[in-house]
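# Structural description and commentary
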Number of protein chains: 2
Amino acid sequence: MSAAVIKYDHDMVRWQPDSRGRLEQAAMELFTERGFEQTTAAQIAERAGLTERTFFRHFADKREMLFDGSPRLQQLFVDAVAGAPADASPFEAVTAGLDAVSAFFVDLDHSRGRQAIIDSDASLQERELIKMSRLSSVIAGALRERGVTEPAASVLGQAAIGVFHVAFGQWVAPGNTRGYAELMHESLAELRAITA
Amino acid sequence: MSAAVIKYDHDMVRWQPDSRGRLEQAAMELFTERGFEQTTAAQIAERAGLTERTFFRHFADKREMLFDGSPRLQQLFVDAVAGAPADASPFEAVTAGLDAVSAFFVDLDHSRGRQAIIDSDASLQERELIKMSRLSSVIAGALRERGVTEPAASVLGQAAIGVFHVAFGQWVAPGNTRGYAELMHESLAELRAITA
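These notes cover the structure that comes with them. Everything quoted here is computed from the prediction, not taken from an experiment. (Residues numbered from 1 in each chain as written. Chains lettered and ligands numbered in written order. Predicted model: local features only at pLDDT ≥ 70, side-chain atom pairs only at ≥ 80, totals over all residues. Heavy atoms only, no water.)

## So, the overall build of chain A
In terms of regular secondary structure, chain A is built from eleven helices and zero strands. What you see in chain A, going N to C, is helices and strands ordered as α-α-α-α-α-α-α-α-α-α-α. Overall, the C-alpha framework of chain A stretches about 55 × 45 × 25 Å when taken along its three principal axes. A burial count over chain A gives 44% of its 196 residues as buried. (Helix = DSSP H or I, 4+ residues; strand = E, 2+ residues; numbered from the N terminus. Buried < 20%, exposed > 50% of the residue type's maximum accessible area, 1.4 Å probe, protein only.)

Structure representation (structure tokens):
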């Protein structure tokens, strides 16, 4: 990338201070109003008052907008597993990971809206399952780094994702008023009790 | 369906005693030789010495051929959970389910070949994750039928699928010579130990 191009990008960011956020907001509105399949990148850009070119500077496609937070969530989880005290058990390390990502789940309205969109489209559900499957693999990798052997590392990675998934489902369920962290700890305790 | 049509179907079955098995065998060969994406239903039918029309009497599409056993596996699992003794713990009921489906995993060459095809195609991996996710849901449902409350039922359903998945991966891994049931019980024991 040339210096001129880098300068141009900086200027764009300066003049459109939150294009990315505006695109995400517009996409959520349109996916909810018209349906995910029926919404185009051009329409999202238009609603955000931006060009289609700007859309594609920020996102590979409309689908990826819904999974924008995945790499950060994954990193948070893995860092917390890696950063748990040396004498923490594998279960405690995974609990630290689940606690770390709880910080992600505070805006219930947003998460409910996003989940309704995902539930409406088979390809989005598949994408979500792929992300969960990858997260399970990287958790297992972080556990192996701590000296946890196989198959324990992979089994615990899968169980952690199970707890994560169940607690998230309860959190976004209609009528729920409890926080994600509380639900997650309840599911973790259930996992412990039921396998004891 | 008229009696005449039923009679015709019977005749077809009589004259082509194992069309379904021949189609499956041909598909596995072609998927392995040419790749899943590059193989058509017409080519599978031709290799099996049958017509394309016969192919579509047996399968909705080539993708579904690889997941032909899923409904039976799901039924076996759920029946075993439901049929566990009344005083069996939820963990014991799920173990009975995992034991029941072990009967599925005896032909290692076939399972390795199938897995290699699935690993080669993103859409097949997604389909497999969807099937696993559904299996987890029906296991949770079978546990609720036994009086297990939420979120315990869903957490255990997810953990069971995790064990199932990890043990299957170990079983088809290059060089493995241990049986599926043995690997599955080892993973179950690890789940117990690591959450204790």
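## With respect to the interface of chain B and chain A
On the chain A side, the residues contacting the 27 residues of chain B number 27 residues. Carbon and sulfur atoms supply 74% of the area buried between chain B and chain A, which totals about 2500 Å² over both sides. Viewed at the interface, chain A and chain B are joined by zero salt bridges. Counting the contacts that link chain B with chain A gives five residue pairs in polar contact (both at pLDDT 80 or more). Listed by contribution, the elements that provide at least two residues to the side of chain B that touches chain A are α7 (90-102), α9 (122-145), α10 (152-172) and α11 (180-195) of chain B. If one sorts the elements of the side of chain B that touches chain A by residue count, α10(B) sits on top with eleven residues. In terms of residue class, the side of chain B that touches chain A is built from 15 nonpolar, eight polar and four charged. (Contact = heavy atoms within 4.5 Å. Buried area = accessible area lost by both parts, 1.4 Å probe. Salt bridge = Lys/Arg side-chain N within 4 Å of Asp/Glu carboxyl O. Polar contact = N/O pair within 3.5 Å; in protein donor to acceptor, adjacent residues only side chain to side chain. Nonpolar A, V, L, I, M, F, W, Y, C, P; charged D, E, K, R; others polar.)

## What to know about the packing of helix α6 (residues 70-83) of chain B against α7(B)
Between two packed helices, both the angle of their axes relative to each other and the distance between the axes serve to describe the pair. All names here are of chain B. Look at α6 against α7: their axes get within 7 Å of each other, and the N-to-C directions meet at 145°. As α6 packs across α7, the resulting crossing turns out to be right-handed. Across from L73, L76, F77, A80 and V81 in α6, the residues of α7 making contact are A93, V94, A96, G97, L98, A100 and V101. Across the contact of α6 with α7, the residue classes tally to eleven nonpolar, one polar and no charged. (Axes fitted to C-alpha atoms, helices over the stretch in contact; angles between N-to-C directions. Left-handed = near helix turned anticlockwise from the far one by under 90°.)

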